[in-house]
Structures are given as C-alpha cells and as structure tokens.
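Given next are the chains, with one letter for each unit.
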Amino acid sequence: QVQLVESGGGSVQAGGSLRLSCAASRYTYSSYHMGWFRQAPGKEREGVAMISIRGGTTDYADSVKDRFTISQDNAKNTVALQMNSLKPEDTAMYYCAADLNYRRLVAGLANNWGQGTQVTVSS
C-alpha cells in the first residue's frame with residue numbers, strides 16, 4: 001500500500017560521505033513517520049535515524065550521532081540521510097521505512113519498507 005524508493009547508496013572510502021534519499025508519494029510523506037534502518041550480513045536490523053514528519057522529533061542510534069543527519073524535503077516528498085565521516089562498520093544494506101505510528105516505527109515494527117540500497121565503506 002505504501003511505495004518507498006531508496007537511492008544514493010554506493011562505495012566510499014572511510015571518512016567519506018554519502019547522501020541517501022527515500023522517495024514517497026505525497027500522501028505517504030504527509031501522513032507517515034519515516035526512518036532509516038540498516039542490516040549487515042549476520043546482524044540484526046538496526047534503527048539508524050527516525051523523523052516525525054509533523055512533530056519534528058528525530059532519533060538517532062548512538063553509533064551514528066554527530067555523523068548522520070536525517071532531514072525532509074517537502075517539495076520533493078523525500079526523506080534524506082546525510083552520512084558523514086563514514087566508517088567500515090557502517091557497511092550495510094540501508095532500508096527506508098514508514099509507519100503511521102512513530103513508536104512502532106522506532107521499534108523496527110513498521111509494515112512498510114523499501115527495497116534497500118547498499119552502502120559499502122572501505123578502509
């Protein structure tokens with residue numbers, strides 16, 4: 001019912017930057033809270049950054065605080081994740097998620113997910 005399309009993944013050296021984008025329909029963008037998760041092989045899915053569209057609340061994983069920034073572009077109906085000072089430990093598949101319930105989103109229980117975009121950071 002909700003279509004989410006991620007873009008911006010790629011391969012960079014440690015210390016570099018990438019900007020991921022999640023595009024949604026206008027209805028989804030205006031009605032759903034959105035966020036980013038990541039999953040590396042053999043690891044559980046981890047919440048990275050979340051944003052409450054109307055309330056302006058943001059949450060970040062401790063491992064990415066002060067390096068990653070989640071933001072909104074209302075004109076384009078997109079949510080971006082600016083990733084700076086990337087580390088090899090950031091290597092993972094990154095997924096965009098959306099849910100009507102912010103707490104459910106943060107808990108990793110969102111019902112709506114994108115297909116993912118790969119981020120690889122080399123030393």
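Residues numbered from 1 in each chain as written. Predicted model: local features only at pLDDT ≥ 70, side-chain atom pairs only at ≥ 80, totals over all residues. Heavy atoms only, no water.

The subject of this paragraph is the packing of aromatic side chains. This model, assessed by the stated rule, comprises 2 aromatic pairs. Pairing tyrosine 27 with tyrosine 32 gives two aromatic rings, centres 6.4 Å apart and planes at 70 degrees, and the pair type is edge-to-face. Between the NZ or CZ atom of arginine 45 and the centre of the ring of tryptophan 113, over which it lies, the distance is 4.0 Å. (Phe/Tyr/Trp six-rings, centres within 6.5 Å; stacked < 30°, edge-to-face > 60°. Lys NZ or Arg CZ within 6 Å of the ring centre and 35° of its normal.)

Our next topic: the environment of threonine 69. Residue position: threonine 69 is located in strand S7 (residues 68-73). Separated by 11 residues in the primary sequence, threonine 69 and threonine 58 place their C-alpha atoms 9.3 Å from one another. When residues no more than four places from it in sequence are discounted, the contact partners of threonine 69 are Tyr60, Ala80, Leu81 and Gln82. (Helix = DSSP H or I, 4+ residues; strand = E, 2+ residues; numbered from the N terminus. Contact = heavy atoms within 4.5 Å.)

What follows deals with the state of the cysteines. In this structure the tally under the stated criterion is 1 disulfide. Between cysteine 22 and cysteine 96 runs a disulfide, and the two sulfur atoms are separated by 2.0 Å. In this structure the cystine formed by cysteine 22 and cysteine 96 twists about its S-S bond by roughly -80 degrees; its chirality is therefore left-handed. A residue pair is termed long-range when its members are at least 10 positions apart, and cysteine 22 in strand S3 (residues 18-23) and cysteine 96 in strand S9 (residues 92-99) qualify at 74 residues. Classification of cysteine 22 as buried rests on a relative accessible area of 0%. (Disulfide = S-S within 2.5 Å. Buried < 20%, exposed > 50% of the residue type's maximum accessible area, 1.4 Å probe, protein only.)

A full pass over the atoms with the stated rule returns 5 salt bridges. As a salt-bridge pair, aspartate 62 and lysine 65 come within 3.0 Å of each other at their nearest N and O atoms. Taking the relative accessible area as the measure of exposure, aspartate 62 reaches 64% and is therefore exposed. Two residues, aspartate 90 and arginine 67, come together in a salt bridge whose shortest N-O distance is 2.8 Å. Placement of aspartate 90 in the loop between strand S8 (78-83) and S9 and of arginine 67 in the loop between strand S6 (58-60) and S7 is noted, with a sequence separation of 23 residues between them. In this pair, the class of aspartate 90 matches that of arginine 67, namely buried. Through salt bridges with shared partners, a single network forms among Arg38, Glu46, Arg67 and Asp90. (Salt bridge = Lys/Arg side-chain N within 4 Å of Asp/Glu carboxyl O.)

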